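Observations on the three-dimensional arrangement
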Amino acid sequence: MRAVFNKTLLELAKKDKRIHMVLADIGYGEIEPFRDTFPDRYYNVGVAEQNMTGVACGIAMEGNIAITYSIANFPTLRCLEQIRNDVCYHNANVKIVIIGGGVSYGALGMSHHSTEDIAIMRALPNMVVEVPCDNYEAVAATHAMIEYNGPFYYRCGYKGEKDIHAGPIDFKIGKANIVSEGKDITLMFAGPIGSEVVEAAEMLKAEGINCRVVSMHTIKPIDKDMILDSAKNTGGIVTVEEHNLMGGLGSAVAEVLCDEGVSPAKFKRLAFPDVNVAKIGGQKWIRDQYGLQARGIAQSVRELLK
């Protein structure tokens, strides 16, 4: 997905002179085309994410669109104060892009995981939170991000993610996309872990359990209508995310249900437990350790529907 993001951003930058990139010593192999095409709109501040965010805010407040770009948690947790006080307080047109959400960088350990970011970013005033699931959503979300005026958080996959959609989609900020229909249960996911959800839904369909599968690519603002419709017109809701159990997609969905006074017949959140994900290995292996591979998701649904 990162290659698709960078390609799309470059195409947009050719048409919009306001687009600038600010990096913190990262991006080799993907961002060179932007650097070489627009050297006067490209800044590498070194290993200094706080400065990266401050520079981006200054660029944005001069009437531009500033993109901060780095891996996993570094553009968020290392510079949270600057995002809060500089970007969000001033409602600056800064786009925070992370590469490798969740445990994409699994073998590098928990210092390179991004498993609290959604909870933190969605708590910040003025911030939009987008989590595209595949290349089609990545392209559409990049266009939406540039068109949107204000702080924007974009959680991008690392590489090699499977496409979930069959082709270009109707993409709107705050409006979820239905991947497949079913009445027995709704599986709501955010991000590339959707490929595991789709596979789990296929396993369950073979057993006679028909799932509505929904890509909740926007966590904030969230699609309340989709959540309420799924609660009322299917057998329940299961949320799946590559994130800590606290504060992510599952929490956002539960908040909507409670605020609206709607109780689905069944409800369950599937995510990493509230622990440091300190196991070392590939992304798919780590998912499997916590029941977030397709077979684990399918088994959780079976148990919920018993």
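Above this text you will find the structure in question.
Everything numeric here is computed off the predicted structure, so don't read it as measured data.

Calculation criteria
- Residues numbered from 1 in each chain as written.
- Predicted model: local features only at pLDDT ≥ 70, side-chain atom pairs only at ≥ 80, totals over all residues.
- Heavy atoms only, no water.
- Salt bridge = Lys/Arg side-chain N within 4 Å of Asp/Glu carboxyl O.
- Buried < 20%, exposed > 50% of the residue type's maximum accessible area, 1.4 Å probe, protein only.
- Helix = DSSP H or I, 4+ residues; strand = E, 2+ residues; numbered from the N terminus.
- Pairing = 2+ DSSP bridges.
- Axes fitted to C-alpha atoms, helices over the stretch in contact; angles between N-to-C directions.
- Parallel < 35°, antiparallel > 145°, perpendicular 65-115°, else oblique.
- Contact = heavy atoms within 4.5 Å.
- Nonpolar A, V, L, I, M, F, W, Y, C, P; charged D, E, K, R; others polar.

Concerning the pattern of salt bridges
With the rule as written, the count across this model stands at 15 salt bridges. The closest approach of N and O atoms between Asp16 and Arg18, which form a salt bridge, is 2.8 Å. For Arg18, a relative accessible area of 37% corresponds to the partly exposed category. The partner of Arg35 in a salt bridge is Asp36, with the nearest N and O atoms 3.0 Å apart. Arg35 sits in the partly exposed class, given a relative accessible area of 32%. By sharing partners, the salt bridges in this structure join Glu196, Glu242, Lys284 and Arg287 into a single network.

Quick word on unusual backbone geometry
With an omega dihedral of -5°, the bond running from Lys220 to Pro221 counts as a cis peptide bond. Here Pro221 lies in the loop between strand 10 (218-220) and helix 8 (224-233). Positive phi values are uncommon outside glycine, yet Asp25 reaches one of about 60°. Along the chain, Asp25 turns up in the loop between strand 1 (19-23) and helix 2 (32-37). Classification of Asp25 by relative accessible area gives partly exposed; the value is 33%. Positive phi, normally seen in glycine, also occurs at Asn91, with a value near 50°. Its location among the elements puts Asn91 in the loop between helix 4 (80-88) and strand 4 (94-99).

Brief notes about the sheet that holds strand 12 (residues 267-272)
As a general point, the strands of a sheet are linked pairwise by backbone hydrogen bonds and lie either parallel or antiparallel. If you trace the five strands from one edge of the open sheet to the other, you get 7-9-8-11-12, paired in mixed fashion. Two strands bound the open sheet, and with one partner strand each, they are strand 7 (177-180) and strand 12. The mean angle between the axes of side-by-side strands here comes to 25°, regardless of whether they run parallel or antiparallel. In this structure, strand 7 lies alongside strand 9 (residues 211-215), joined through three bridges in antiparallel fashion.

Topic: the packing of helix 3 (residues 49-60) against helix 4
At their nearest, the axes of helix 3 and helix 4 sit 9 Å apart, and the two run at 5° to each other. Between helix 3 and helix 4, the crossing angle belongs to the class labelled roughly parallel. Residue-level inspection shows Gln50, Thr53, Gly54 and Cys57 of helix 3 in contact with helix 4, the latter providing Gln82, Ile83, Asp86 and Val87. Along the lines of polarity and charge, the residues of the contact of helix 3 with helix 4 split into three nonpolar, four polar and one charged.

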